[in-house]
Amino acid sequence: MAKRKKSAAPAATATTPAPASDSGNSNKSSKSNKSNKPAKSKKANRAKTATKARRSAPYLAALGAYGFGKLEPVLLAALVTEDPILLIGKSGTGKTFLLNSISEALGLEHRHYNASLISFDDLVGFPYPDEARDSIRFLETPATIWGAESVLVDEISRCKPEHQNRFFSLVHERRVQGIALEKLRYRWAAMNPSSPDQGAGSEAYVGSEPLDPALADRFAVVVEVGDWEQLSLKDRTRVADPSGEGARSDDGGRLARAVAGWRAEFLEKLPTTPKPVLAYACVATTELGQAAIRVSPRRARLLARTLLAATLVAGEATSALFLKVLRCSLPHVAWGDAPAEVAVEAAHQAAWAVCMAEEDERWVHLFHTERNLAKKLEILIRQCPSRDSGTLAVEQLIANESRARAAAFCLAAYPAALDGKLRVGAEAVADFARIASELLTIDGNITWSQRRSDPDIPNPELERTGKVLMRLQGPRLARARQLFYWCIVNQQAIDDPNAFEAEFNECVTTIRDAIESGDWNRGVAA
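Residues numbered from 1 in each chain as written. Predicted model: local features only at pLDDT ≥ 70, side-chain atom pairs only at ≥ 80, totals over all residues. Heavy atoms only, no water.

Draft legend 1. The arrangement of the nonpolar core in detail. Leu-60, Leu-75, Trp-188 and Tyr-280 are the most contacted members of the largest nonpolar core, which has 68 residues in total. Among the elements that make up this core, the one with the highest residue count is helix H10 (residues 297–314) (nine residues). Residue contacts for Leu-60: discarding those within four places in its chain leaves Ala-65, Phe-68, Glu-72, Leu-75, Leu-76, Leu-98 and Ile-102. If you look at the next biggest cluster of nonpolar residues, it comprises 51 residues, including Phe-367, Ala-374, Phe-484 and Trp-520. (Core = buried A, V, L, I, M, F, W, Y, C linked by side-chain atoms within 4.5 Å. Buried < 20%, exposed > 50% of the residue type's maximum accessible area, 1.4 Å probe, protein only. Helix = DSSP H or I, 4+ residues; strand = E, 2+ residues; numbered from the N terminus. Contact = heavy atoms within 4.5 Å.)

This is how it looks when you write it as structure tokens:
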């Protein structure tokens with residue numbers, strides 16, 4: 001929700017705390033000089049407290065935009081990264097007001113388009129050939145996008161499909177008609193909830209259609225804006241107050257200075273993004289995928305960027321902050337398929353545990369959060385930080401995976417472990433050998449039940465796995481036969497023999513590729 005303030009907030013001035021100093025002399029009593037540490041002056045403490053207070057003071061409320069306090073770190077982070085923002089909320093909740101106010105406070109050359117009414121000519125101008133007639137130029141107007149530093153596409157869910165497609169390159173690449181928009185920094189959009197999101201008794205936003213998932217995925221931050229019920233009592237009073245209506249948003253440059261400072265720090269840290277941030281983004285993406293909530297590789301990168309920026313804005317990384325960023329990094333609500341909160345929280349908990357662990361421990365967490373055996377093996381090959389960590393990871397895999405999956409992993413990895421290629425200790429090599437040796441020489445009986453009236457019923461597991469083996473040949477057939485026969489003899493049921501064999505073969509391929517490339521044991525934990 002939003003409401004103009006009657007007057008501008010005073011400009012914030014940076015105050016450097018006075019350095020602590022020992023202003024005493026040798027003639028002072030021992031009581032006043034008990035400590036060898038320099039004594040901090042009251043003035044320095046007051047300055048430090050004032051600086052901290054200015055940093056934590058709300059930026060958006062200073063623009064007259066109320067009710068965004070809980071979302072402020074994420075929104076400010078998106079201003080720092082300059083990645084696209086999409087606001088979703090009911091009418092009158094201040095979506096458009098907020099974004100227009102930010103553009104005013106940042107002093108941007110701003111364009112505000114209503115997607116339900118705009119034609120493409122309104123966006124780029126009218127085309128005409130140049131004097132040489134070998135290229136096309138556009139006749140510009142004050143409303144065309146050329147020269148804009150920020151763009152707000154309002155009512156984007158009401159946009160005609162042919163126009164919606166044209167926003168892809170604008171949002172993601174800062175391009176129109178293949179032409180780069182050199183000055184454009186910010187791309188924002190707003191929309192009402194789409195039809196599938198509207199429950200019984202809610203306002204019907206006729207014409208507000210689910211956003212194309214491909215377009216929604218271009219927005220790094222997707223924020224659901226709260227209604228009246230979500231406002232605090234203080235913010236309700238502020239929103240209802242009609243004084244200052246129409247005043248320009250001006251905080252004396254405080255937001256602009258803060259964003260510029262955070263942006264400089266962000267660009268400095270971006271080339272060496274902290275490993276915990278990358279680990280969180282990777283694990284959260286993997287865990288959400290396991291819960292049938294697809295997160296694109298592009299979005300995993302956007303998530304990491306927003307996490308880094310939000311940490312700089314907030315001054316520290318906290319579990320609550322990372323969960324907030326994760327929630328606002330999922331675009332599914334834009335097409336009416338909001339993910340279950342319990343799945344998002346579970347993914348966050350797993351990712352946060354990895355993020356906060358020490359480097360070796362973080363690697364072990366990362367190893368176990370990956371479900372695919374071949375990718376586990378790749379993590380062991382290329383990222384294992386130490387033999388102790390590798391040994392611990394292998395021991396825990398053998399203990400926690402099913403016997404069939406542990407056997408597949410060990411059979412594929414044993415030759416490389418025996419040759420000293422894997423960063424594991426002697427205990428892990430012995431475990432590989434113990435399990436793999438059982439598969440190399442299979443000796444046992446197969447029993448199954450059948451009716452007396454029909455004694456020719458084949459073993460059901462042999463029949464299921466046989467269908468897979470019939471499609472294989474060469475070494476792959478020999479390996480799969482050994483694995484399947486071991487599983488049958490040891491009564492290890494396989495839910496999907498075809499998928500199981502494919503995953504096992506992927507493990508073998510991973511080992512083979514590492515041998516061919518010589519890419520072993522970099523020891524870089526994610």
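Draft legend 2. Structural detail: the side chain of Glu-370. Within the fold, Glu-370 resides in the loop between helix H13 (359–369) and helix H14 (373–383). Although buried, Glu-370 forms no salt bridge, and the nearest oppositely charged side chain, Lys-375, lies 5.7 Å from it. Apart from residues no more than four positions distant in its own chain, Glu-370 is found in contact with Thr-286, Lys-375, Lys-376 and Ile-379. (Lys, Arg positive; Asp, Glu negative; His and termini not counted. Salt bridge = Lys/Arg side-chain N within 4 Å of Asp/Glu carboxyl O.)

Draft legend 3. Molecular detail of the environment of Asn-192. Inspection of the secondary structure assignment puts Asn-192 in the loop between strand S8 (186–191) and helix H6 (213–216). Sequence separation between Asn-192 and Tyr-205 is 13 residues, and the spatial gap between their C-alpha atoms is 7.0 Å. Apart from the residues within four sequence positions on either side, Asn-192 is in contact with Ile-88, Gly-89, Lys-90, Ser-91, Lys-95, Glu-155, Ser-157, Arg-158, Tyr-205 and Ser-208. Within polar-contact distance, the side chain of Asn-192 engages the side chain of Arg-158 at 3.1 Å. (Polar contact = N/O pair within 3.5 Å; in protein donor to acceptor, adjacent residues only side chain to side chain.)

Draft legend 4. Main features of the side chain of Ser-296. Among the structural elements, Ser-296 can be located in the loop between helix H9 (275–290) and H10. The buried category is assigned to Ser-296, whose relative accessible area is 5%. At 2.7 Å, the side chain of Ser-296 forms a polar contact with the side chain of Asp-217.

Draft legend 5. A look at the pattern of salt bridges. Applying the stated rule across the entire model yields 21 salt bridges. Residue Arg-405 is joined to Glu-503 by a salt bridge in which the shortest nitrogen-to-oxygen separation is 3.0 Å. In this pair, Arg-405 sits in helix H16 (residues 403–418) while Glu-503 sits in helix H20 (residues 497–517), placing the two residues 98 residues apart along the sequence.

Draft legend 6. Layout of the packing of aromatic side chains. Using the criterion set out here, one finds seven aromatic pairs in the structure. With 6.4 Å between their ring centres and 85° between their planes, Phe-367 and Phe-409 make a pair best called edge-to-face. Pair noted here: Phe-367 is in helix H13 and Phe-409 is in helix H16, with a separation of 42 residues, a long-range link. A single burial state applies to Phe-367 and to Phe-409, both of which are buried. Put simply, the rings of Trp-363, Phe-367, Phe-409 and Phe-432 touch in pairs and so form one group of aromatic residues. Here the basic side chain of Arg-254 rests over the ring of Tyr-59, its NZ or CZ set 3.8 Å away from the ring centre. Positioned above the aromatic ring of Phe-367, the side-chain terminus of Lys-376 is 4.8 Å from the ring centre. (Phe/Tyr/Trp six-rings, centres within 6.5 Å; stacked < 30°, edge-to-face > 60°. Lys NZ or Arg CZ within 6 Å of the ring centre and 35° of its normal.)

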